[in-house]
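# Examination of the molecular architecture
Given next are the chains, with one letter for each unit.
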Amino acid sequence: MKILPIIMITASLAMALSVQAYQEVTSGGLETIRGIAKINETKSAEALKRVIKDKNPIQRNYVHQPPVVPHQTRGYRVNKDSNKCLTCHGWKYARETGATKISLTHFETRDGKTLSDVSPRRYFCSQCHVTQADAPELVDNLFKPVESLGND
Amino acid sequence: MTKESKIKSLLSYLKSPSSAALWLILAIGFAGGVIFWGGFNTALEVTNTEAFCISCHEMEDNVYEEYKETIHYSNRSGVRATCPDCHVPKKWTHKIVRKIAASKEVWGMLTGLIDTREKFQDHRRELAEREWKRMKENDSLECRNCHNFEYMDFSEQGNRSVKMHSSALASGEKTCIDCHKGIAHELPDMKGVDNW
């Protein structure tokens, strides 16, 4: 009798079905900063935040913090051909435009040698300086800036 | 009839056309003029559309792709400035002058001056400088067709814009293109360009 193959097929079918039935994935009540979302579901994206249009400089929160960008930067290209940021923040134009000058540390190589122009390692502004959106904090934050920086 | 009198009668026939023929000729001339002028103007307008501009791959694959990322293509209010709005003057005489000058671009297309991305990049500075020069000379006329200085509300502008527009632009010391280079296309190597 060929009963063995029949048993095997039925068994494997049953297993496949049961696996299907128990495939539902739960987060186990774990909540991330993105909220509760099942792993097998794609959460719809939140609306894009609007970037601050144009504000006065924003105070640093800690020593050596790269100052954040308080204005829009849409379409500002920074590449080997041009650097839009430096057309205002470069030393040549900062006085005329009233922009904050880039700090002298930007002229230094990693060996501490000072160059005559911006060092390649400090050329790509948005690696450290980012535009800000008017958005609430994702998680509660009790961080307090150091007093010596003179923040409110 | 002698030969002489034959010629004389022919001449007198030619010299005194019937008045109907005179009107006919005038009518043909008038109708021909209307058709020619209408056709010329229609053809001129056809060459003044975005669809015509990007019918060459040199434009479609390079400058048009770059322009699609910028605010003159996509923005909150849905107003769009297409190629001719910035690159062709609105006034008729200036438009004709520009169109005649553009025949050089047709030659460039036929000879394949910028028919690859690499060739285009090699010529980008030269091409950009030509446009900057044109806009500098006409005081950024094509910008001002939409962005009229008289109509600007400084209270609606950002701090940075007010500062520059109320000083350098207001005094006529600078014109739009002096600061707003590369707003619709990528920039060439800017080494040695004023203000860069």
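Residues numbered from 1 in each chain as written. Chains lettered and ligands numbered in written order. Predicted model: local features only at pLDDT ≥ 70, side-chain atom pairs only at ≥ 80, totals over all residues.

The criterion, for reference: UniProt positions are given in the numbering used here, feature names are shortened, and annotations may be inferred rather than shown by experiment.
Going by what an unreviewed UniProt entry lists, chain B is known as Cytochrome c-type protein and is assigned to Colwellia hornerae. What UniProt records for chain B under Sequence similarities (unreviewed entry) is the sentence "Belongs to the NapC/NirT/NrfH family."

Under an unreviewed UniProt entry, the name given to chain A is Periplasmic nitrate reductase, electron transfer subunit, and the organism recorded is Colwellia hornerae. Per its UniProt entry, chain A bears the Subunit (unreviewed entry) comment "Component of the periplasmic nitrate reductase NapAB complex composed of NapA and NapB." Recorded in UniProt for chain A, the comment headed Function (unreviewed entry) runs: "Electron transfer subunit of the periplasmic nitrate reductase complex NapAB. Receives electrons from the membrane-anchored tetraheme c-type NapC protein and transfers these to NapA subunit, thus allowing electron flow between membrane and periplasm. Essential for periplasmic nitrate reduction with nitrate as the terminal electron acceptor."

### Considering the environment of A:Thr105
Note the following rule: Each helix corresponds to a stretch of at least 4 residues labelled H or I by DSSP, and each strand to a stretch of at least 2 residues labelled E; elements are numbered beginning at the N terminus.
Within the secondary structure layout, A:Thr105 lies in the segment after helix H3 (91-97). A C-alpha to C-alpha distance of 9.0 Å links A:Thr105 and A:Val118, two positions 13 residues apart in sequence.

### Here we look at the interface of chain A and chain B
Rules: For every residue pair, C-beta atoms are placed from the backbone, and the pair is scored as a contact if these atoms sit within 7 Å. Under the grouping applied here, Gly and all other residues not named as nonpolar or charged are polar, the nonpolar ones being Ala, Val, Leu, Ile, Met, Phe, Trp, Tyr, Cys and Pro and the charged ones Asp, Glu, Lys and Arg.
Taken together, the 10 residues of chain A in the interface contact 15 residues of chain B. In terms of residue class, the side of chain A that touches chain B is built from no nonpolar, five polar and five charged.

### Thoughts on the UniProt feature "binding site: heme c 2" (unreviewed entry) in chain A
All names here are of chain A. Defined as follows: Each residue is classed by its C-beta neighbour count within 10 Å, where at least 20 other C-beta atoms makes it buried, 12 or fewer makes it exposed, and intermediate counts make it partly exposed; the C-beta atoms are placed from backbone geometry.
In this structure's numbering, the residues bearing the UniProt feature "binding site: heme c 2" (unreviewed entry) are His106, Cys125, Cys128 and His129. The named residues occupy 24 residues along the chain; their greatest pairwise C-alpha distance, 12.7 Å, places them in one compact cluster. Here His106 falls in the partly exposed class, since 19 other C-beta atoms lie within 10 Å of it. Beyond its immediate stretch of four places on either side in the chain, His106 contacts Val118, Ser119 and Arg122. Relative to the helices and strands, Cys125 is located in the segment after H3.

### Quick word on helix H2 (residues 19-46) of chain B
What counts here: The span one expects for a helix is its residue count, reduced by one, times 1.5 Å.
Between its terminal C-alpha atoms H2(B) stretches 40 Å, which fits the 40 Å expected from 28 residues at 1.5 Å a residue. Where burial is concerned, little of H2(B) is hidden: zero out of the 28 residues are buried.

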